[in-house]
Amino acid sequence: MLKKGLFVILIVLLLSTVAFSKTTVTLYTSVPKLIVESIKAEFEKVNPDIEVSIYRSGSSKVVAKLTTEITSGRISADVLWIADPSFFVYLKEKGLLVQYNSEVLKEIPAKFKDPDNYFFGLRAIAPVIAYNTNILKAEDAPKKWIDLTDKKFKKNIIMPSPLYSGSNLVWLYCMTKKYGWKFVEDLSKNGVTVCNSNSIAMKSVASGSYKVGVTLDYKVRDAMKKGSPVNFVYPEDGNVIVISPMAIFNTSKVQDAAKKLVDFVASKKGQELLVKNNIIPVRTDVTPPAGVNLSKLFESAFPIDLVELRNKAQEIKDKFADLFE
Amino acid sequence: MKGLKFTLFIILLILIGLSVTLLIIESFTDKGKISLNNYTMTFSRRSNIRSFERTIYLAIFTSLFAGFVGATSAWLVARTNLPGRRILRTILVVPFMVPPFIGAMGWMFFLGRGGYLNKLWMSLFGREFYDIHTFSGIVLVLGMYLYPLVFLNVASALEKMDPSLEEAARMCGAKVGRIMKDISLPLVLPSILSGMLLVFASAAANFGVPAIIGMPGRVYVLTTKIMSYLYGGTITGLRRAVALSVALIGVAVIGLILNNILTSKSKFTIITGKYTRPLLVDLKGARWIGYLLWAFAIIAVFVPMFSIFLTALWKAWGLPFKLSSFTFSNFTYVLFKYSETKRAIANSFLYAIIAATITTIIGALVAYTVKKQRDPMTKIMEFLSTIPQAIPGTVVAVAMILTWSGKLKINLYNTVWIIILAYIARYLFFSVRTVTGGLSQIHSSLEEAARSSGAKELRVARDITFPLLWPSLFASWVLIFMPTLRELTISILLYGPHTKTIGVAIYELQDAGEYEAASAMATIVLIITFTLQVIMNAITKRKKRGDLA
């Protein structure tokens, strides 16, 4: 009798786990934890049968992990969302991505997407010059990128390393195109400190450890909202706008769920979540964060050739390491 | 017995022999052919050459610093009438129990950018006191945590020295200074040098201190450069990391080989095992040296810990120094609220228990087999088990990545098992050494007695050897459990999305500028470490007393 009862309970338990088991989508991303957690929460509300599992780190570390996974032939990620667009070009060339288009994605301007629909830029981030307002007055702060080589700021600048940060790699690529490697040498001579992430650079400027920092626009907006003594400028000698793409691996076993996640981020609701976190949206029907003039911003932006960036990435990293490590 | 021996042989071969061999082969291969391309590609870059040179300088300067501090303080404590020398002897060993990367954090909070002392100095004199994020900063901090290697070596040599030699000199009319210079110093010189060579190898292999102290100041050594390449995420980077790893083995091995030559050449017969009461030097007018040592000990031990405790209680790094700026919430945050740290603590305990248990079992069996049978196979086993001693943790991790991420059709990358395998390979020699020591104390007559009474081999092992060996098995377990619990060097390169350890969590928190949370975690680790150490000491003491009775 007892045995029978146990057996029945066991069967019921088994069935219930089958019935309620969720599809798990694994997202590898460099989007800050708090932001990606809020997206996950909202997405799971709309899709109760899907669970998003997140691995978050700096762009380069995510790339490192994926490179090892690709060579070992077992990719754990279903969806990728990092700041280094050149890696998506590589993945596309390797034939590892899913070609995807949907009603929602059609609403994203073409300039943010891969022409063959393999990856989709779903977040615009911009490296900017941030400064501590307790230490520097607005008129004393650097106005242009080239000002970072000014002796006035010697040993008082912090920036993320392009070896870790995808957006900073794009930034460095733009800088060397405009000013050549002399600019980077001068940065090194000016005693610029490099750190592992834009968040650290932001924090160091907010705490006053450094007067000036190169970090991402939305991080400064966020810090300002929270009352940190910081401000920033979109430099006069050209904006670097990094379009942080999302893509789905064709090795994924849960591609339908993965597509739903991409659609969610591309949707009005998803983009509004980004704006809530002070990030520039890629949809025209979503109001950007206060004070952002989108058309002006994109007008003065550096043109970025993704294929060239991908070809030059190693060289840029090597030369940078020689100068800074 | 034969089956056991063969199994152990295979385990050691796969665990250690295979991965190290693969690493070296990989470093000399390019596109399937033997070539030096990886090396030329690596060492044609300035930053790589620099990191190699720096590693050697770091090892040299740290061993000089540690040698000076360790030997002087050992002499002062063991052979002078320094006030409070017994307490001092205990205090001076404390840095040895503190994980260097945690100590480095403490020093950074004190002497880093915006550090406590620098801030004070800035408000008083308008400039910073000292920038610790420099090469000299790495040497100082590393030396502060490695000098006990010299200190312990020299102090025990000085205490065990045969007093008749010094007395003979005194009879002949030599003054105390002369005796120390001509008799005592030459006698302990081998201990000093051997300690310094151990420091040399440890300094070259250290990751935590150069990472926390050096990287913010753009001072890179081999271990941090290897990490930088692995994190860089390119195939080129991986190949360079491999070449640099082999170079790093080279540096570490130099120290250990020299040490082996030294210890095998010099005869320690002068130093007997007898407990003696050697000549004490009266410091007289030079008492200030004693106070200097006290000052050093207090600074070395308390400054970093104080900085960490203080930071752990801070609401936010950089707030004004007022009572309202302090809080206990950082502790509740890392212990109960933040899922990442909670998980890391659980992970580390689990991994340390698994690693300590497996390693002790394998190590004990290896020690037992090697002792029972001397043949070529066991000789190779013995050799294999000692290899990881010479291999820095960073290199062990690189070798594990090469071996276990699909190359041999087994993919453990991102799983807990690659971490456990690395821990076992890294710490196996601890266990083999400890258990071999325990075995050598069991006189064979005990086992023979059992055998002549008709007991089978297994029965002898179970009823005689094992119970007698129990204390050293326990010691081996603790010796592995403690360092793996707070391990950083290996886990930082091997952890996956779900396998973060305490060391990695602390490192990443401080790296992200979350100094308060990192310090709270570090404080917890320090408390665990000291508690375990006290328990361990109590147990070994009781064991000793029990043995006598």
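Remember, predicted model here, so these are calculated numbers, not experimental data.

Looking only at helices and strands, chain A has 13 helices and 10 strands in total. A globule of 325 residues ought to have a C-alpha radius of gyration of about 20 Å, and chain A, at 22 Å, matches this closely. Taken along its principal axes, the extent of the C-alpha atoms in chain A is 85 × 40 × 40 Å. The contacts of chain A with a sequence gap of at least 6 include a subset with a gap of at least 24, amounting to 77%.

Each helix and strand in chain B was counted, giving 23 helices and 2 strands. Expected size for 549 residues packed as a compact globule is a radius of gyration near 24 Å; at 25 Å, chain B falls within 12% of this value. Overall size of chain B, expressed as C-alpha extent along the three principal axes, is 80 × 75 × 50 Å. Of the contacts made within chain B by residues no fewer than 6 positions apart, 78% connect residues no fewer than 24 positions apart.

Looking now at the pairing of strand β2 (residues 50-56) of chain A. Residue and element names in this part refer to chain A. Taken together, the 7 bridges between strand β1 (residues 23-29) and β2 define a ladder with parallel strand orientation. The residue bridging Tyr28 from the neighbouring strand is Tyr55, located in β2. Handedness of the crossover joining β1 and β2 through helix α2 (residues 33-46) is recorded here as right-handed.

A word on the nonpolar core. Within the largest apolar cluster, 256 residues are counted, with the highest numbers of intra-cluster contacts made by A:Val79, A:Leu261, B:Ala422 and B:Met521. The biggest single contributor to this core is helix α7 (residues 135-160) of chain B, with 15 residues. Setting aside its immediate chain neighbours within four residues, A:Val79 contacts A:Val25, A:Leu27, A:Met246, A:Ile248, A:Ala258, A:Leu261 and A:Val262.

Moving on to the domain arrangement of chain A. Residues and elements named next belong to chain A. Taken domain by domain, chain A comprises domain 1 (21-124 + 243-286) and domain 2 (127-240). Inter-centroid distance (C-alpha atoms) of domain 1 to domain 2 is 27 Å. Listed per partner, the contact involves 12 residues of domain 1 and 12 residues of domain 2. Residue classes in the side of domain 1 that touches domain 2 are distributed as 4 nonpolar, 6 polar and 2 charged.

The next thing to look at is the pairing of strand β10 (residues 242-248) of chain A. As a general feature of sheets, a regular strand has side chains that alternate between the two faces. Residues and elements named next belong to chain A. Buried residues dominate β10, accounting for 7 of its 7 residues. What you see with β10 is no split at all: Val242, Ser244, Met246 and Ile248 on one side and Ile243, Pro245 and Ala247 on the other are buried throughout. Relative to β10, strand β3 (residues 79-81) is paired through 3 bridges, and the arrangement is antiparallel. Each bridged residue has a counterpart across the sheet, and for Leu80 the counterpart in β10 is Ala247. Bridge count between strand β4 (residues 120-125) and β10: 4 bridges; the pairing is antiparallel.

So, on to the environment of A:Phe249. Residue and element names in this part refer to chain A. Looking at the secondary structure, you find Phe249 in the loop between β10 and α10 (255-266). Spatially, the C-alpha atoms of Phe249 and Val98 are 5.8 Å apart, while their sequence positions differ by 151 residues. The residues touching Phe249, leaving out its near neighbours within four places in the chain, are Ile75, Ala77, Asp78, Leu80, Leu96 and Leu97.

How big an interface is tends to be stated in terms of the accessible area lost upon association of its parts. Tallying the contact residues gives 29 residues for chain B and 33 residues for chain A. Elements represented by at least two residues in the side of chain B that touches chain A include exactly α3 (46-79), α11 (222-232) and α12 (235-265) of chain B. The element contributing the most residues to the side of chain B that touches chain A is α11(B), with 5 residues. Partitioning the side of chain B that touches chain A into residue classes produces 10 nonpolar, 13 polar and 6 charged.

All names here are of chain A. Pairing is mixed across the open sheet formed by 5 strands, whose spatial order is β7-β6-β8-β5-β9. Lying at the two open borders of the sheet, with one neighbouring strand each, are β7 (193-195) and β9 (230-233). Going from strand to strand, the sheet's axes swing by 35° on average, the running direction of each strand aside. Of the strand pairs in this sheet, strand β5 (residues 127-132) and strand β8 (residues 212-216) are connected by 5 bridges, and their pairing is antiparallel. Residue pairing in the sheet places Ala130 in a bridge with Gly213 of β8. Most of the contacts of helix α6 (residues 166-179) go to β5, to which it runs at about 105°, and overall it touches β5, β6 (157-160) and β8.

Take α11(B) next. Residue and element names in this part refer to chain B. Burial runs high along α11: 11 of the 11 residues are buried. Those residues of α11 that fall on the buried side of the exposure criterion are Leu222, Thr223, Thr224, Lys225, Ile226, Met227, Ser228, Tyr229, Leu230, Tyr231 and Gly232. Looking one or two places after α11, you find Gly233, whose phi comes out positive at around 85°.

When pLDDT is averaged along chain B, the result is 88; 95% of the residues meet or exceed 70. Overall fold confidence for the complex sits at a pTM of 0.86, while the interface term, ipTM, reaches 0.76.

Once that is clear, we can look at the confidence of the model for chain A. Summarising the model, chain A shows a mean pLDDT of 90, and 94% of its residues fall at 70 or more. When mean pLDDT is taken per element in chain A, β3(A) scores highest with 97 and helix α1 (residues 2-20) of chain A scores lowest with 60.

Residues and elements named next belong to chain A. The strand order β2-β1-β3-β10-β4 describes an open sheet built from 5 strands, whose pairing is mixed. Looking at strand neighbours, the two that pair on one side only are β2 and β4, the edges of this open sheet. Between one strand axis and the next, the sheet turns by 20° as a mean value, whatever way the strands run. Taken together, the 3 bridges between β1 and β3 define a ladder with parallel strand orientation. Directly across from Leu27, in β3, lies its bridge partner Val79. Lying over the sheet, α2 contacts β1 and β2, oriented at roughly 170° with respect to β2.

This part is about the domain arrangement of chain B. Residues and elements named next belong to chain B. The assigned domain composition of chain B is domain 1 (1-32 + 316-549) and domain 2 (36-312). On a C-alpha basis, the centroid separation for the pair domain 1 and domain 2 is 24 Å. Opposite the 36 residues of domain 1 that make contact, domain 2 presents 34 residues. For the side of domain 1 that touches domain 2, the secondary-structure elements that each account for two or more residues are α1 (2-27), α17 (393-404), α21 (491-494), α22 (502-511) and α23 (515-548). No other element matches the 12 residues that α23 contributes to the side of domain 1 that touches domain 2. In the side of domain 1 that touches domain 2, the residues fall into 20 nonpolar, 12 polar and 4 charged.

A positive phi angle, near 65°, is found at A:Asn117, a position not held by glycine. Note that A:Asn117 resides in the loop between α5 (103-106) and β4. Judged by the 16 C-beta atoms lying within 10 Å of it, A:Asn117 is partly exposed. Phi angles above zero are rare outside glycine, and B:Arg218 is one such case at about 60°. Following the sequence through the fold, B:Arg218 ends up in the loop between α10 (208-214) and α11. We classify B:Arg218 as partly exposed; it has 18 C-beta atoms within 10 Å.

We now examine the packing of α7(B) against helix α9 (residues 176-205) of chain B. Residue and element names in this part refer to chain B. Contact geometry for α7 and α9: axes closest at 9 Å, N-to-C directions at 155°. Considered as vectors, α7 and α9 are oriented roughly antiparallel to each other. Remark: the crossing between α7 and α9 carries right-handed chirality. Contacts from Leu142, Leu146, Leu149, Val150, Asn153, Val154, Ala157 and Leu158 in α7 reach Val188, Ser191, Ile192, Ser194, Gly195, Met196, Leu198, Val199, Ser202 and Ala203 in α9. When its residues are assigned to classes, the contact of α7 with α9 shows 13 nonpolar, 5 polar and no charged.

So, on to the environment of A:Ile279. All names here are of chain A. When you line up the elements, Ile279 lands in the loop between α11 (268-276) and α12 (294-299). Taking the number of C-beta atoms within 10 Å as the measure of exposure, Ile279 has 28 and is therefore buried. Measuring from C-alpha to C-alpha, the distance between Ile279 and Gln99 comes to 26 Å, with 180 residues separating the pair along the chain. Not counting residues up to four positions away in its chain, the partners in contact with Ile279 are Arg123, Ile125, Tyr218 and Leu274.

Calculation criteria
- Residues numbered from 1 in each chain as written.
- Chains lettered and ligands numbered in written order.
- Predicted model: local features only at pLDDT ≥ 70, side-chain atom pairs only at ≥ 80, totals over all residues.
- Helix = DSSP H or I, 4+ residues; strand = E, 2+ residues; numbered from the N terminus.
- Rg over C-alpha atoms; globule rule 2.2 N^0.38 Å.
- Contact = placed C-beta atoms within 7 Å.
- Pairing = 2+ DSSP bridges.
- Right-handed = clockwise from strand over helix to strand, strands pointing away.
- Core = buried A, V, L, I, M, F, W, Y, C linked by C-beta atoms within 7 Å.
- Buried ≥ 20, exposed ≤ 12 C-beta atoms within 10 Å, placed from the backbone.
- Domains from an automatic or database assignment.
- Nonpolar A, V, L, I, M, F, W, Y, C, P; charged D, E, K, R; others polar.
- Axes fitted to C-alpha atoms, helices over the stretch in contact; angles between N-to-C directions.
- pLDDT = per-residue confidence, 0-100.
- Parallel < 35°, antiparallel > 145°, perpendicular 65-115°, else oblique.
- Left-handed = near helix turned anticlockwise from the far one by under 90°.

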